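Reading the structure
What follows is the residue order along each chain.
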Amino acid sequence: MKPSSHPMHVPTLDCNHFQFHDDGHEAEFAAQLIDSFKRTGFVKLRNHGIPDNMIQDLFRWMRQFFSLAPEDKQEAHHPPSRNTPQRGWSKYGDESTGYLQGAKGVERADVKEHFDVGDVTDTLFPTRWPSSSLPGFQPFVESYYTVIYTFAVRIMAILETGFSLPKGAFTNRIKPDASDLRLAHYPPVPASLITQGKAARIWPHTDFGLITPLFQDGVGGLEIENRAKCRNHPNLQANGKNDDEPDFLPVEPEPGNIMVLNVGDTLERWTNGELPAGVHRVVLPSTFNQDVNNSGEAGLLPDRYSTAFFFKAARGEDVSPVDAFVTEEKKAKFPPMTSAEYQRFRTQTMYSYD
Ligand SMILES: O=C(O)CCC(=O)C(=O)O
Ligand SMILES: [Fe+2]
């Protein structure tokens, strides 16, 4: 990542240092969180309270699930509809984040497969699990869901403090829970396809929900849009040297289960643009040495695993700006629409089940 003086520097906040787990001492944490979100759309967190062994176990379960035989995964295949939240397994080719940026008619599928899990109480859209091929998988993933959900609610409460909003301004609008937990596997892919722009593990996109906590393995490749390249970005000073800036900047994996946390579209809407959603993609790891590795087998990127929690507003909630963010000078930038309508509109663009 860029030096700390760069406007796109993503700090690693230590939740213990900020006494994140103690209700009385969150103001400093909230201020730094909001500063990083405003500038970059992202933050990194250590000592976030998700136990190390739980994260390691989750990655172990992911490797086991994705190495099941295709017919076992097929049992858990996402229902055949683009109008519903994704639940269960989506195979390579089902999702094309490239379409979110208007790239129609071009091969823009993501080189990945994923497994999406809803809240256990979400009886409207139940998760499809593999029936008997992976005993223990479902209870473990459900227990992780509870832990990461509780974490996400805490962050929303901290954002209320940071913006001096009444308690509940955000957190009263998240029940019943409509979030999705995603387990993702990126299979090996020739690096040359990525450098030639013919493939991406995920094309540039924003997430649709409020916030996304993410854990990645050590392979790398996650990158965030460099807002310093874009002269008129409202939250960054133009420095007159933008042409020298790259379009994207890597978010390197770090030892110690560092969490990456980003702003999604719904939070951008609720805050009337004060926290713009962070554009990101997954491509070639910055450490991947093309000159050495560009021939034969060695030019193949290894498997990569990650897990993102798309924390969302309740389906019936409006995703237009919360009153506190609208003034005479700063009119609402986003029209009223329910979260369910917004999610459907975004998912339809990107998901090509047939
Ligand atoms: O795998 C990653 O690091 C990012 C995943 C992601 O951006 C997504 O699934 O929306
Ligand atoms: Fe994403």
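Up top is the structure.
The following refers to the structure shown.

Conventions and cut-offs
- Residues numbered from 1 in each chain as written.
- Chains lettered and ligands numbered in written order.
- Predicted model: local features only at pLDDT ≥ 70, side-chain atom pairs only at ≥ 80, totals over all residues.
- Heavy atoms only, no water.
- Donors = N, O, S within 2.8 Å, 3.2 Å for Na, K, Ca; no water.
- Helix = DSSP H or I, 4+ residues; strand = E, 2+ residues; numbered from the N terminus.
- Buried < 20%, exposed > 50% of the residue type's maximum accessible area, 1.4 Å probe, protein only.
- Expected span 1.5 Å × (residues − 1).
- Contact = heavy atoms within 4.5 Å.
- Near = heavy atom within 4 Å.
- Polar contact = N/O pair within 3.5 Å; in protein donor to acceptor, adjacent residues only side chain to side chain.
- Areas by Shrake-Rupley, 256 points an atom, 1.4 Å probe, with all protein chains shown as cover.

**So, the coordination of the iron ion (ligand 2)**
Coordination of the iron ion (ligand 2) by the protein is provided by His-205 (NE2), Asp-207 (OD) and His-280 (NE2), with metal-donor distances spanning 2.1 to 2.2 Å. If you list the donors of the iron ion (ligand 2) from N- to C-terminus, the spacing comes out as H-x1-D-x72-H. Of this pair, Asp-207 sits in the loop between strand 7 (202-205) and strand 8 (211-216) while His-280 sits in strand 12 (residues 280-282); the two residues are 73 residues apart in sequence, bridging distant segments of the chain. Per residue, the accessibility class of Asp-207 equals that of His-280, and both read buried.

**Topic: helix 1 (residues 27-40)**
For helix 1, spanning 14 residues, the distance from its first C-alpha to its last is 20 Å, which sits close to the expected 20 Å at 1.5 Å a residue. Taken together, the buried residues of helix 1 touch strand 1 (12-14), strand 2 (42-46), helix 4 (137-162), strand 8 and strand 11 (259-263). Phi turns positive one or two residues past the end of helix 1, at Gly-41, with a value near 85°.

**Section: the site of ligand 1**
Close to ligand 1 lie Arg-182, Tyr-186, Ile-202, His-205, Asp-207, Leu-214, Leu-222, His-280, Val-282, Arg-304, Ser-306 and Phe-310. Between an oxygen atom of ligand 1 and a side-chain N or O atom of Tyr-186, the distance comes to 2.6 Å. Here an oxygen atom of ligand 1 sits 2.9 Å away from a polar atom, N or O, in the side chain of His-280. Compared with its free state, where it exposes 290 Å², ligand 1 has 96% of that area covered by protein. Within the residue set of the shell around ligand 1, elements represented by two or more residues are strand 5 (180-186), strand 7, strand 12 and strand 14 (304-310). The dominant element in the shell around ligand 1, judged by the number of residues it contributes, is strand 14, at three residues.

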